[in-house]
Amino acid sequence: MVADIKAAVHAVDAAAVMGLLPARPRLLALGEPTHGEDSLLELRNELFRQLVEQEGYRWIAIESDCVMGLVVDDYVTSGTGALDEVMERGFSHGWGASAANRELVRWMRAYNDGRPASERLRFAGFDGPLEITHAASPRQSLTALHGYLSARVDADLLPCTAETLDRLLGDDDRWTNPAAMMDPSRSVGRSAEAERLRLLADDLVALLDAQTPGLIAASSRDDWQRARLYGRTATGLLRYHFWMADTSPNRMTRLVSLRDQMMADNLLAVAEQGPVLVHAHNGHLQRHKSTMRMGGLPLEWWSAGAIVSARLGEEYAFLATALGTIRHQGVDTPPPDTVEGLLYALPEDRYVVDPRRLATALGDVRPAPRVSPWFGYSSLDPAHLAENDGIVFVKDVPQS
């Protein structure tokens, strides 16, 4: 069987990836089964460079705060700021400390230097301003949207003043209180002020849409796209805070669903300017439903990738990454009856696998699901192999 499986694998490069697909996708999603391993990010960087040079890709979007990502985009496109500051202020979840992320930003800036705007590479975070312990205040995105509109449209068209927004927003600590994640009574998401802000945010986004032609003419398409990002983020955060105050059994399902919905909305907006390489956890990019247990309760929801795939069809492609070992995390050689074990028996260190040819090679063999001894690694689900456009396999992950 090993010989048959070898016919399904190729070196990990842009040409091999494109050979698996019917056409160049607008969104090419590369998943990772664990976070924090620079060797996986280095592989991403290498693939992105090839996609830029060989396939005309100009955007990369990663699982990081969409508003913070604007700092990185400003740096790579125009050199605004210093690299150290950009790595600190432009990434969420601690991703700025990654040497591979730093190299990505440095390379993008060097590539863009001296090029016309139409040829420059662009960076986007596509996660909401959300952390495991709390959600951000909507202040930054809401006031930025209001400021963009107030500078360019008749004041009589605005639904409120900046002072009204400031008064309704109040102290940002009310919004970011970590106790609200587990205790709905500590959330301000259903206060009178928050409900008023949801209506105002909706009116501001509607005004932005209605004034699109004049706004693009008065500023630029990039500025208008950024205002749209602020609008999506403001309404998404206010919706998220509303459901943080919910007391029903479906509260956590709502919250994880809303996060992936925000991700999907951001990816679809970037795809309008694509093509884009997307990098995030497999669970956010897969086509089948995501599941997890939180607080003893089973959660099930559609991922961002599933939503985007339903919208874009063949213009969305997903490569799931699987690993052999992460020995520094206790993940040792995979059992031979798992997909990872079968791939681990091949001699190469890393390769991209055609899932259709893999299925043919397996025949009637049904691989067992791999059980990871470490919660931080999500193994491949053999029941959903056919839903992947490709599988990137990395044999051994060294400690970063």
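In what follows, the structure referred to is the one given above.
What counts as what
- Note on numbering: residues in each chain are counted from 1, in written sequence order.
- Reporting of local features is limited, given that this is a predicted model, to residues whose pLDDT is at least 70; pairs of side-chain atoms are given and counted only at 80 or more, and all residues count toward the totals for whole chains, interfaces and linings.
- The basis for the side-chain values is all heavy atoms of the structure; hydrogens and waters are excluded.
- Strands here mean DSSP runs of E at least two residues long; helices mean DSSP runs of H or I at least four residues long; both are numbered from the N terminus.
- For a helix, the expected span equals 1.5 Å multiplied by the number of residues minus one.
- Here the term buried applies to any residue with accessible area under 20% of the maximum for its type, exposed to any over 50%, and partly exposed to those in between, with areas from a 1.4 Å probe on protein chains only.
- The contact criterion used is simple: two residues touch if any of their non-hydrogen atoms lie within 4.5 Å.
- Within this scheme, the nonpolar core is defined by two criteria: the residues are buried Ala, Val, Leu, Ile, Met, Phe, Trp, Tyr or Cys, and they are joined through side-chain atoms within 4.5 Å.
- Salt bridges, as used here, are contacts in which a Lys or Arg side-chain nitrogen is within 4 Å of a carboxyl oxygen on Asp or Glu.

Participant: Help me out: how do you make sense of helix H7 (residues 139-150) in this one?
Facilitator: Residues that lie three or four places apart on an α-helix share one face, since the helix turns once every 3.6 residues. For H7, with 12 residues, the first-to-last C-alpha span of 16 Å sits near the 16 Å given by 1.5 Å per residue. Every buried residue of H7 is accounted for by Arg-139, Ser-141, Leu-142, Leu-145, His-146, Tyr-148 and Leu-149. In this structure, the buried residues of H7 make contact with helix H8 (162-169), helix H9 (172-176), helix H10 (192-210), helix H11 (212-218) and helix H12 (221-244).

Participant: Is there a simple way to think about the nonpolar core in this case?
Facilitator: Soluble globular proteins: nonpolar side chains tend toward being buried together. Core analysis: the largest hydrophobic core is formed by 86 residues, its most contacted members being Leu-27, Leu-28, Phe-48, Val-105, Met-108, Phe-123 and Leu-358. A total of seven residues in this core trace back to one element, the largest contributor, which is strand S8 (residues 316-325). The residues contacting Leu-27, other than those within four sequence positions of it, are Leu-267, Ala-271, Val-276, Val-278, Val-308, Leu-312, Glu-315, Tyr-316 and Ala-317. Leu-149, Val-153, Ala-194 and Leu-238 belong to the second-largest nonpolar core, a separate cluster that totals 29 residues.

Participant: I'm lost on the pattern of salt bridges in this one. Help?
Facilitator: Side chains that differ in sign of charge can pair as their charged atoms come close. One pass over the full model with this rule turns up 21 salt bridges. With a shortest N-O distance of 3.5 Å, Glu-315 and Arg-26 are connected by a salt bridge. Here Glu-315 is found in the loop between helix H15 (304-312) and S8, whereas its partner Arg-26 is found in the loop between helix H2 (14-19) and strand S2 (27-32), with 289 residues between them in sequence. Judged by relative accessible area, Glu-315 falls into the partly exposed class, the value being 37%. The exposure class assigned to Arg-26 is partly exposed, which follows from its relative accessible area of 30%. The salt bridge involving Arg-89 is made with Glu-85; its shortest N-O contact spans 3.3 Å. Here Arg-89 pairs with Glu-85, and both are found in helix H5 (residues 83-89), just four residues apart, close to one helical turn. Judged by its relative accessible area of 38%, Glu-85 is partly exposed. Put simply, Glu-63, Asp-127 and Arg-259 are held in one network by salt bridges that share partners.

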